[in-house]
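# Notes for the structure review
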Amino acid sequence: MQAFNHEIARTSSPAGMRYQFVSLSLLAALSLSAFARLEAQAHSQPAAAKLSIDSSKIVSPVSPMLYGMMTEEINHAFDGGLYAELLQNRTFRPSWMGVEHWDLVRNGSAQASMHVDDATGPSAALTRSVRLTVDSASPGSEAGISNSGFWGIPLRAHTTYKGSFYAKTDAAAIGPVTARLIADKTGAVLAEAHIDLKPGSWSRYEYTLTTTGAVVSSTTNHLQLSVAHAGSLWLQLASLMPPTYHNTPNGNRTDLMERMAGLHPTFLRLPGGNYLEGDRLEDWYNWKSTIGPLVDRPGHQAPWSYYSSDGLGLLEFLEWCEDLKIEPVLAVYAGYSLKGDHISPGKDLEPFVNSAVDEVEYVTGDTSTRWGAERAKDGHPAPFPLHYIEIGNEDNFDKSGSYDARFGQIAKALRKAYPQYKLIATEPVKEPQGAEPDVLDDHYYKPPAEMMDFVHHYDNAPRTGPKIFVGEWASMSGVPTPNFGSALGDAAWMTSMERNSDLIIMASYAPLLVNLNPGAMQWSPDLIGYDALSNYVSPSYHAQALFAGHLGDGTPESSITGAGDRFFYSATFDSKTRILHLKLVNASTSDQPLTIDLQGPAKTHTASVVSLHGSTYEATNSMADPDRIAPKTTTEAVPPGSWHHTVPSLTIQVIDIAIK
Ligand code: AHR
């Protein structure tokens, strides 16, 4: 059973190797060969088909949590993405290139220098700072530093931006600090604020910058912090936040949250993915360093090549769920790192077992518990809902075979402390030693043609063992976001997950987000693309939003004969609304005529038909052409008995039929 269920099809990693950055040329080649196969298959003319559905006979349940989201810090998904912070490298981390994303400002005749001072910082987590040494400056000849944001600072008219920084100075007379938002192209000052300084040791300062109606939305802006007098000023944790979704403090970008809400998700798998594990053992997702005041968060080296600020930390993940009215699927670290090392089960693993138990308490404990109280101190007294805990990520890559014992040790401790939660294993546990997983997490990344050929994988799988969570899946064609060929593969795959949702209780596409700027992306394709100001969604996004937004609670008896081999369908029935949600996927380049026998409707009913069509497999959306492929709604009369309906070529349709 377990061996049957678990397969990881990784199209982007050479066999035997753990994660690799995606080579664009490899992806391009992969896409081409995938398309060649799809095209060849598509030319066989589908015959007229007969589809029979009897909504009065429900053969299996559909999981209410089938569609969710998976997230991690990849492709600048959080820093430079969802997390609303506008300043890049706000903690002045030095590299061989200097303090990246910060520049020294010397206006007019000002004389000044900046360097990293390892000897002073505002907290135990941020022990260093940047020191601005001003030898001479005056009004009009200011000295300071400027930040170019995450590929620009996005500004809009009539908007208030909340700035803050920690500063220390030996002479307050160096100030005040002037904060300015400046247009890169013209040097025009778009907003300005003055912040008086206190002499002495570290203090936190806040300011606001409000743009006028004259500001035209753009990303070509920067922030400047400057002074007009000589002296020394140490700065740390310089932040600039725009308005956030639901005005959540330290929150998220509104447009991306709205896009996620549009997916109709029921859960968020967090915090990864590889991001849970880290490249080296010391890079594990130590959630305790991601909570509390920002000044107490050191950040950490994330596996996708850049450093994470951890501004979007554990509490922010949970608030993200709360804002979208969904629940977390919490992954706890299980002692394995991407480069292949693991923590030995037993005494060595014990601190990580305790960390997992504490983490669940932070999420769910009331304020009388140690970590529930800590969460309340962090601003959220109410516990969060939780039903599923995942132990590790993709531990099938651990060739030492230590996962059975690592899973067992963590699972036993979690079960003892929280018997009410379901535990997810990332590979079949061969010797569970009394700690059997409730659910297995299977991952599938496949070219669209393979995804279509894979749709019967779970049809005859035994229903007696653990349930299945398809915690990562995607049809792999299209850069940076999936093209219509992928959307067809994804839709085909979703019909199979819906049909098998008595077994597959949850599923989440991955990755979700990609910053489109040069150098920001490590993996492709990704569901939603964006720059600092705007976003667009892929055809796969639309397919997923349609499938999740039209889902019943049971699968009725159905059968099909005579359809082309690139035709897929799903029927689910909502027992409360009595609506039959019919999904029809025609991945062929020929139309698919259907005779649909519907048991149920007694009279002609006008059904809504939402269609997603692409002219070719390669057709796609982009920032320049965001709505090339978008759902279109029509209506169609559905008579009682037999109904003749044609699904156009290269089309995904979702049809709601009232069964009254
Ligand atoms: O989704 C990208 C990566 O694929 C995830 O981090 C990892 O779990 C999988 O290998």
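A short tour of the structure in this document, coming up. Keep in mind that this is a model prediction, so the values were computed, not measured.

Rules behind the numbers
Residues numbered from 1 in each chain as written. Predicted model: local features only at pLDDT ≥ 70, side-chain atom pairs only at ≥ 80, totals over all residues. Heavy atoms only, no water. Buried < 20%, exposed > 50% of the residue type's maximum accessible area, 1.4 Å probe, protein only. Helix = DSSP H or I, 4+ residues; strand = E, 2+ residues; numbered from the N terminus. Core = buried A, V, L, I, M, F, W, Y, C linked by side-chain atoms within 4.5 Å. Domains from an automatic or database assignment. Contact = heavy atoms within 4.5 Å. Salt bridge = Lys/Arg side-chain N within 4 Å of Asp/Glu carboxyl O. Pairing = 2+ DSSP bridges. Axes fitted to C-alpha atoms, helices over the stretch in contact; angles between N-to-C directions. Phe/Tyr/Trp six-rings, centres within 6.5 Å; stacked < 30°, edge-to-face > 60°. Lys NZ or Arg CZ within 6 Å of the ring centre and 35° of its normal.

### A word on helix α5 (residues 314-323)
Among the ten residues in α5, nine count as buried, and that is most of the element. Considered for burial, the residues of α5 that qualify are Leu314, Leu315, Glu316, Phe317, Leu318, Glu319, Trp320, Cys321 and Asp323.

### Observations concerning the nonpolar core
Residues Trp320, Ile391, Leu414, Val470, Trp473 and Ile652 are the most contacted members of the largest nonpolar core, which totals 119 residues. Top contributing element to this core by residue count: helix α10 (residues 484-499), with eight residues. For this core, the two domains that each supply at least three residues are domain 1 (45-64 + 552-658) and domain 2 (67-84 + 245-339 + 386-549). Not counting residues up to four positions away in its chain, the partners in contact with Ile652 are Phe484, Ala487, Leu488, Ala491, Ala543, Phe547, Leu584, Val585, Val610, Ser611 and Leu612.

### Looking at the pattern of salt bridges
If you walk through the whole model with that rule in mind, you get 26 salt bridges. Here Arg280 and Glu282 are joined by a salt bridge, their closest N and O atoms 3.4 Å apart. Since its relative accessible area comes to 38%, Arg280 is described here as partly exposed. Each of Arg269, Glu390, Asp441 and Glu472 takes part in a single network of salt bridges with overlapping partners.

### Observations regarding the sheet that holds strand β26 (residues 535-537)
Paired through their backbone hydrogen bonds, the strands of a sheet run either parallel or antiparallel. The strand order β24-β25-β26 describes an open sheet built from three strands, whose pairing is mixed. One side of each edge strand has no neighbouring strand; the edge strands of this open sheet are β24 (513-515) and β26. Strand-to-strand twist of the sheet, defined as the mean angle between neighbouring strand axes without regard to direction, takes the value 20°. In this sheet, strand β25 (residues 528-530) lies alongside β24 in parallel orientation, the contact comprising three bridges. When the bridges of β25 are listed, Asn515 appears paired with Tyr530.

### Description of the pairing of strand β14 (residues 231-241)
The buried fraction of β14 is high, at ten of eleven residues. By the bridge criterion, seven bridges tie strand β9 (residues 160-169) to β14 in an arrangement that is antiparallel. Bridge pairing in β14 places Ala167 opposite Leu235.

### Examining the side chain of Ser60
By secondary structure assignment, the location of Ser60 is in strand β1 (residues 49-61). If we ignore the near neighbours within four places in the chain, the residues touching Ser60 are Arg499, Asp502, Gly554 and Thr555.

### Notes on the packing of aromatic side chains
Under the criterion given, the structure shown has 25 aromatic pairs. The ring centre of Tyr205 lies 5.5 Å from the NZ or CZ of Lys198, which sits over that ring. In this arrangement the basic side chain of Arg370 is found over the ring face of Trp371, its NZ or CZ atom lying 4.1 Å from the centre.

### Some details on unusual backbone geometry
Glycine aside, negative phi is the norm for most residues, and most peptide bonds take the trans geometry. Note the cis peptide between Gly175 and Pro176, where omega equals 0°. Note on placement: Pro176 falls in the loop between β9 and β10 (177-183). In this structure, Pro271 follows Leu270 across a cis peptide bond, with omega equal to -5°. Inspection of the secondary structure assignment puts Pro271 in the loop between β15 (267-270) and α4 (274-277). Phi is positive for His158, which is not a glycine, with a value near 50°. Positive phi is not limited to glycine here, since Glu394 has a value of about 45°. Here Glu394 is to be found in the loop between β19 (388-391) and α8 (403-417). With a relative accessible area of 3%, Glu394 lands in the buried category.

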